[in-house]
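Residue-level listing of the chains:
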Amino acid sequence: MAASAAADKADDSLYPIAVLIDELKNEDIQLRLNSIKKLSTIALALGEERTRTELIPFLTETIYDEDEVLLALAEQLGTFTSLVGGPEYAMYLIPPLESLATVEETVVRDKAVESLRIVAAQHSAADLEANVIPTLQTLVSGDWFTSRTSACALFSVCYPRVSLAVKAELRNNFRQLCQDDTPMVRRAAASKLGEFAEVVEVEFLKSDLIPLFVQLAQDDQDSVRLLAVEACVSIAQLLRQEDVEHLVMPTLRQCASDSSWRVRYMVAEKLTDLQKAVGPEITKTDLVPAFQYLLKDTEAEVRAAAATKVKEFCKNLGGTGDTTNQVSIIMTSILPYVKELVSDMNQHVKSALASDIMGLSPILGPHNTIEHLLPLFLIQLKDECPEVRLNIISNLDCVNEVIGINQLSQSLLPAIVELAEDTKWRVRLAIIEYMPALAGQLGQEFFDQKLRGLCMGWLNDHVYAIREAATLNMKKLVEKFGSAWAEQAIIPMILVMARNKNYLHRMTCLFCINVLAEVCGADISTKMLLPTVLLLAADPVANVRFNVAKTLQKITPFLEPSVVDSQVKPALDKLNGDADVDVKHFASEAIAGIAA
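Residues numbered from 1 in each chain as written. Predicted model: local features only at pLDDT ≥ 70, side-chain atom pairs only at ≥ 80, totals over all residues. Heavy atoms only, no water.

Q: Provide a residue-level description of a negative patch on the surface, including the pertinent values.
A: A contiguous patch of negative charge, built from Glu-66, Asp-67, Glu-68 and Glu-104, is present on the exposed surface. Within the secondary structure, Glu-68 sits in helix H5 (residues 67-77). (Patch = residues over 30% accessible without salt bridge, like charges linked within 9 Å, V, L, I, M, F, W, Y side chains within 5 Å. Areas by Shrake-Rupley, 256 points an atom, 1.4 Å probe, with all protein chains shown as cover. Salt bridge = Lys/Arg side-chain N within 4 Å of Asp/Glu carboxyl O. Lys, Arg positive; Asp, Glu negative; His and termini not counted. Charge placed at Lys NZ, Arg CZ, Asp CG, Glu CD. Helix = DSSP H or I, 4+ residues; strand = E, 2+ residues; numbered from the N terminus.)

As C-alpha cells, this is what we get:
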C-alpha cells in the first residue's frame, strides 16, 4: 500500500514535466508558446533540484523551434536564478542561454544576451570566472558571426569582477572582435565600445581601447563608423581635458566631415552629449566650427538633425556661467548659420528649426530677441509650409516671457491674424488647432481684445471642417478661461446665430451648444443654452429640427433634472410627431436615449 502511494506521488511529481514535454512537442505553436510562458510555474512545481537536473537539460536539448517560442524562452530564463536554487546554481542557466545567443534571428539573440547579462551579474566572482568566461570565449571564437556579435555585449558585465590575467585576456578578445572580418561583428563591437570603456581602467582605456576607437571610426563601413561616434561620448567623459584633445578630438573632427552623411548625422545627433563630455574649452575651439559645418551640410537630414540641437547647444555654451561670452559666440558664430536655415530649400529642415529656434530667446535676452530673432520668426510665420508656421506659434510662450506681450503682439500678431484668414482652408484649420494654446500663452484680456473676433468668425466659415474645428475650439477656450468668461464673452454671440437667415449658421449654433453644455455646467446650460435649442425645435428646416433632437439628447446629462421632465421631454414628444421621417427617427432615438 505504502509502495503504491509512493509510486503515485512519484507519478504526480512527474506530471508537470510530462505535460510540458507534450505541449512543447505539440504541432500548435500557440500551445508551445503558452507552455514556455508557464515555465516558472512548472519550475516551482518541480522544485529547485529537479528544475536544475531535468527541466533545464530538457530545454537545452529542445532548442530548435519557432523564433517566437525561442524569444519567450530566452526571456524566461533571465528570471530563473531563484528557481534553480539562487546565485550559486546560476551556472545551470548558462548552457541554454549560450545556445540561444547563437541562433540566426536577431531579436532572439538580443533577448538571450540580455538574460545572459542578468544571470552573469548574479554569479559570484569565482563562478563568473569558472562558468561565464569560458562561455564568453566560446562565443568569441564561434564559427558563425551570430555568436561573435552576441559576445560583444558580455564584456562590460564580466570585466570588473575578474582577475588581472583574465582582464588582459578579455581586452585581447575584444580587440579581436573589433578587427573581425565580418562587418556585423565590428558593428556589434563598436556599439558596445563605450559601455566597455566605462569599466576598463584608464591606463588600458588609453593603451588598448582608444586605438580600437580610432580604427572603428575609420572602418570602411559607415554603419560601423557612426557607432564609433556614440562610443566617443562615453570615452570623452572618462578622460582628462588634455587627453580628450590629444586622443579623441582628431577622430571626432574626422567624423564631423566624414564622407558618409549617416556618420555626420550621428555627430549632429550626439553633438550636445559630446559638448557636455568634452567641456567648454574644446567646445569653443572644435565643436562650434563642427556645428557650423553641420548646419550648412549638403544633406538635408544632417541640417535638420543639427537644427534640432540649436537651443540646447547654445544653452550649454553658458556652462561656466559666462553669459557675455555665451551670447557673443551665439551672435557671431551660430546665428548667421541659423539665419540661412530659416529660408532653407528643405521643409523638414525649416520645420526642425522652427520647433527649436524660439528657445534662443531666453538665452539672448530682450534686445537681441527684438532686433535679431523677431525678423526670423516673422519669415517663418509666413513660410508656405504649415508645419513651420505651427512650430513657431506653438512655442511663442518662451518669447512672450522675454519680450512681453505688447512687443510680441506688435511684431507677430498681424502675421498670425493673416494666417487665420488665409485663403487655403487647411491653413485656417491649423491655426484653429493652435488657438487654445496661443490663448493660454497670451492671456484672457489680450485674447478678448485681439483674437476672440477671429474665433467667432470661424464659426461662420464656408468650409464645414473649419466650422466643426471652430466649435471644438470654443470648448477648449472655455476649459482654459472658465464658464464665467463663456457666459459673458462668447455664449451671447453664439446664441445670436440661432436667428440667422442661413440655416447652416443655425446648425452651427446647435453644434456649439452640444460641446459647451459639457464645460459650462448645469446652471448655464439650463438658463442660457436650453431656451435657444427649444426655440429651434420649431425651425422651418427639417435638418435643423432633427439636430435639435440630437442636441437635446446630448445636453440632457448637463441640465437640471426638473427641466428634463418639464421642457425637454415635451419638446421631443412633439418632434416625434413631426411630418419629416428623419426628424421623427432622431426624436424617437433621443427619447429612448434619455429614458435609458
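Q: Explain the packing of helix H14 (residues 222-238) against helix H15 (residues 241-256) residue by residue, including any values.
A: Where H14 contacts H15, the two axes come as close as 11 Å, and the packing angle between them is 160°. Considering the angle they form, H14 stands roughly antiparallel to H15. The handedness of the crossing between H14 and H15 comes out as left-handed. Where H14 approaches H15, its residues Val-229, Cys-232, Ile-235 and Ala-236 are matched on the opposing element by Val-244, Val-248, Leu-252 and Cys-255. Here the residues of the contact of H14 with H15 are counted per class, giving 8 nonpolar, no polar and no charged. (Axes fitted to C-alpha atoms, helices over the stretch in contact; angles between N-to-C directions. Parallel < 35°, antiparallel > 145°, perpendicular 65-115°, else oblique. Left-handed = near helix turned anticlockwise from the far one by under 90°. Contact = heavy atoms within 4.5 Å. Nonpolar A, V, L, I, M, F, W, Y, C, P; charged D, E, K, R; others polar.)

Q: A description of H5 should follow, citing residues and the corresponding values.
A: All of the buried residues along H5 are Val-69, Leu-70, Ala-72, Leu-73, Ala-74, Gln-76 and Leu-77. The inward-facing, buried residues of H5 abut helix H2 (29-37), helix H3 (39-46), helix H4 (48-61), helix H6 (94-100) and helix H7 (106-122). (Buried < 20%, exposed > 50% of the residue type's maximum accessible area, 1.4 Å probe, protein only.)

Q: A description of the packing of aromatic side chains should follow, citing residues and the corresponding values.
A: Taken as a whole and judged by the stated rule, the model has 11 aromatic pairs. Taken together, a centroid distance of 5.2 Å and an interplanar angle of 80° make the contact between Phe-155 and Phe-174 edge-to-face. You can see Phe-155 sitting in helix H10 (residues 155-158) and its partner Phe-174 sitting in helix H11 (residues 164-178), a full 19 residues away along the chain. When sorted by exposure, Phe-155 lands in the same class as Phe-174, which is buried. Centroid distance Phe-481 to Trp-485: 5.1 Å. Interplanar angle 70°. Geometry classified as edge-to-face. Each member of the pair, Phe-481 as well as Trp-485, is classed as buried. Connected via pairs of aromatic rings, a cluster forms that spans Phe-155, Tyr-159, Phe-174 and Phe-196. The positively charged end of Arg-52 is found above the aromatic ring belonging to Tyr-89, 3.7 Å away from the centroid. (Phe/Tyr/Trp six-rings, centres within 6.5 Å; stacked < 30°, edge-to-face > 60°. Lys NZ or Arg CZ within 6 Å of the ring centre and 35° of its normal.)

Q: A description of the environment of Gln-407 should follow, citing residues and the corresponding values.
A: With respect to the secondary-structure elements, Gln-407 resides in helix H24 (residues 396-411). Its relative accessible area of 24% is what places Gln-407 among the partly exposed residues. It is 53 Å that separates the C-alpha atoms of Gln-407 and Ala-587, two residues lying 180 residues apart in sequence. Setting aside residues no more than four positions away along its own chain, Gln-407 makes contact with Ile-370 and Leu-374.

Q: Let's hear about the environment of Ala-354: which residues, and what values?
A: Looking at the element boundaries, Ala-354 is found in helix H21 (residues 347-354). Residues Ala-354 and Val-388, spaced 34 residues apart in sequence, show a C-alpha to C-alpha distance of 5.7 Å. The contact partners of Ala-354, leaving out residues within four places of it in the chain, are Gln-380, Val-388, Asn-391, Ile-392 and Asn-395.

Q: Can you tell me about the pattern of salt bridges, naming the residues and giving the values?
A: Side-chain pairs of opposite charge can arise where the charged atoms are in close proximity. For the coordinates displayed, the defined rule picks out 22 salt bridges. Here Arg-186 makes a salt bridge to Asp-219, at a shortest N to O gap of 2.6 Å. On the criterion of sequence distance, the pair formed by Arg-186 in helix H12 (residues 183-197) and Asp-219 in the loop between helix H13 (202-216) and H14 is long-range, its members being 33 residues apart. Between Asp-258 and Arg-225 there is a salt bridge, with the nearest N and O atoms lying 2.8 Å from each other. With Asp-258 in the loop between H15 and helix H16 (261-278) and Arg-225 in helix H14, the pair connects residues that are 33 residues apart, well separated along the chain. Here the residues in one salt-bridge network are Arg-171, Arg-175 and Asp-208, joined through shared partners.

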